[in-house]
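# Descriptive structure summary
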Amino acid sequence: MNTKDLAYFCQLVDQKNYTATAKYFGVSQPTITMAIKRLEKEYGGISLITQPYPRASLTVTRAGQVLYEQAQDVLGQLQTTRTEVVHAAEDSIRLGLSPVMGVTWFPKVANKLLKTNLLADLVVHEAGSQQLLSELTSGQIDVALLATVSPPKVTRLKCDAAGNSPL
């Protein structure tokens, strides 16, 4: 299976238009059509999208909706993997700190980080928790210490809601 076909499919579901999807990716409309046909063939000929006639609105089938939801997870995981592989080759750790955590928690562990030679590798970025969460999920920072009432509802993140520190 070609992951690009999954990306085309997800965008088609979002756009509900073959031409707009093709324009988004900078490819021809038949490229999108063929990608959908390959996916349908991959899943045993199951129809993923219906369109009664050429100018009619697209409808995502039940099977197509399942594929759409799963494909979004797969594509998100692939993007996370790409980001982590690239960052693994870097010599620094990009740490996001909310103002509250920067004042209350970070000073308590700075000594431990210094002893483990990690403090020199940190590139600290201070911002509000919502901004840091956005930067974390987009791969702009590697780890974040957020001050929040409840753990973020992002399935790709590992959260310690109890304030426990592995250090």
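Let me begin by describing the structure that accompanies this report. A quick note: this is a predicted structure, and the numbers were derived from the prediction, not measured.

## Structural notes on the packing of aromatic side chains
- For the structure on display, the rule yields 2 aromatic pairs.
- With a centroid separation of 4.8 Å and an interplanar angle of 75 degrees, the aromatic rings of Tyr 8 and Phe 25 are classed as edge-to-face. Here Tyr 8, found in helix H1 (residues 3-15), pairs with Phe 25, found in helix H2 (residues 18-25); they are 17 residues apart in sequence, far enough to count as distant.
- Tyr 8 sits in the buried class, given a relative accessible area of 7%.
- Between Tyr 24 and Phe 25, the aromatic rings sit 5.0 Å apart at their centres with planes inclined by 80 degrees, giving edge-to-face as the arrangement.
- We classify Tyr 24 as exposed; its relative accessible area is 54%.

## Structural notes on the nonpolar core
- Membership of the largest hydrophobic core comes to 18 residues, with the highest contact counts inside it found for Phe 9, Leu 12, Tyr 18 and Ile 49.
- Taken together, the elements giving at least two residues each to this core come down to H1, H2, helix H3 (29-42) and helix H4 (62-88).
- Here this core takes 6 residues from H1, the largest share from any one element.
- Those residues in contact with Ile 49 that sit more than four places away from it in its chain are Phe 9, Leu 12, Tyr 18, Glu 40, Leu 58, Thr 59 and Thr 61.
- Grouped together as the second largest cluster of nonpolar side chains are 10 residues, Trp 105, Phe 106, Val 109 and Leu 122 included.

Parameters at a glance
- Residues numbered from 1 in each chain as written.
- Predicted model: local features only at pLDDT ≥ 70, side-chain atom pairs only at ≥ 80, totals over all residues.
- Heavy atoms only, no water.
- Phe/Tyr/Trp six-rings, centres within 6.5 Å; stacked < 30°, edge-to-face > 60°.
- Helix = DSSP H or I, 4+ residues; strand = E, 2+ residues; numbered from the N terminus.
- Buried < 20%, exposed > 50% of the residue type's maximum accessible area, 1.4 Å probe, protein only.
- Core = buried A, V, L, I, M, F, W, Y, C linked by side-chain atoms within 4.5 Å.
- Contact = heavy atoms within 4.5 Å.

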